[in-house]
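Analysis of the macromolecular model
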Amino acid sequence: MALWDRFKESASQMQTQLVAKKNDLKSGAFRDASMAMCALVAAADGTVDPSERQRVAQLISTNEVLQNFPADDLRRRFEENLAKLTTDFAFGKVSVLQEVAKAKKKPAEARAVVQIGIVIGGADGDFDKTEQAVVREACYTLDLPPHEFDL
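Let us look at the structure shown here. Source: prediction; values computed, not measured.

Brief notes about the overall build of the chain
- Counting its secondary structure elements, the chain contains seven helices and zero strands.
- Each helix and strand of the chain, placed in order from N terminus to C terminus, yields the pattern α-α-α-α-α-α-α.
- Across the 151 residues of the chain, 47% fall into the buried class.
- Accessible surface, the chain as shown: approximately 7,200 Å² in total, 52% of it carbon and sulfur.

In structure tokens, the structure reads:
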């Protein structure tokens, strides 16, 4: 099986797992961490193109788990994190990873945040090395082993 096919299958399984945990994923920490993760993946290569914003907007409006929160609030949080990253990626990343770390206390939330990062990273058909690297870094921030997610 090609590497991309494995990622696609993995992302699909992760989406199913997220939906199964929907009722456990209602905290502000999960909300903040998931939007930080989306921004981190979107800005991973140093630029944010309109298609990446569109993917996150689509995730916000269609993802069952994220529908636990008002879409406008999620979009605002995503844009705020993105602004930090596009102003100064290295400095912004420190701040955004602190947002990701909010999910650290609850393992189910931490795993769900990583899964959202993988779903966003693979949404364009190419979960590239820079996207994988920031998701791997988020795993370390959340005290999760990256190999658990094939990273």
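So, next bit.
Points about the nonpolar core
- Of all hydrophobic cores here, the largest spans 44 residues; its most connected members are F30, C38, F78, V113, V114, V135 and L142.
- For this core, the secondary-structure elements that each account for two or more residues are helix 2 (28-42), helix 3 (50-62), helix 4 (71-87), helix 5 (89-101), helix 6 (107-122) and helix 7 (129-141).
- Counting residues per element, this core draws most heavily on helix 2, at ten residues.
- The residues touching L142, leaving out its near neighbours within four places in the chain, are V100, A101, A103, K104, A110, V113 and V114.

Let's talk about the pattern of salt bridges
- In total, this model carries 13 salt bridges according to the counting rule given.
- Notably, a salt bridge pairs R111 with E148, separated by 2.5 Å at the nearest N-O pair. Separated by 37 residues along the polypeptide, R111 in helix 6 and E148 in the segment after helix 7 bring together distant segments of the chain.
- Overall, the relative accessible area of 36% leaves E148 in the partly exposed class.
- A single salt-bridge network, built from bridges that share partners, covers R31, D32, D73, R76, R77, E80, E99 and K102.

Reading the values: the criteria
- Residues numbered from 1 in each chain as written.
- Predicted model: local features only at pLDDT ≥ 70, side-chain atom pairs only at ≥ 80, totals over all residues.
- Heavy atoms only, no water.
- Helix = DSSP H or I, 4+ residues; strand = E, 2+ residues; numbered from the N terminus.
- Buried < 20%, exposed > 50% of the residue type's maximum accessible area, 1.4 Å probe, protein only.
- Areas by Shrake-Rupley, 256 points an atom, 1.4 Å probe, with all protein chains shown as cover.
- Core = buried A, V, L, I, M, F, W, Y, C linked by side-chain atoms within 4.5 Å.
- Contact = heavy atoms within 4.5 Å.
- Salt bridge = Lys/Arg side-chain N within 4 Å of Asp/Glu carboxyl O.

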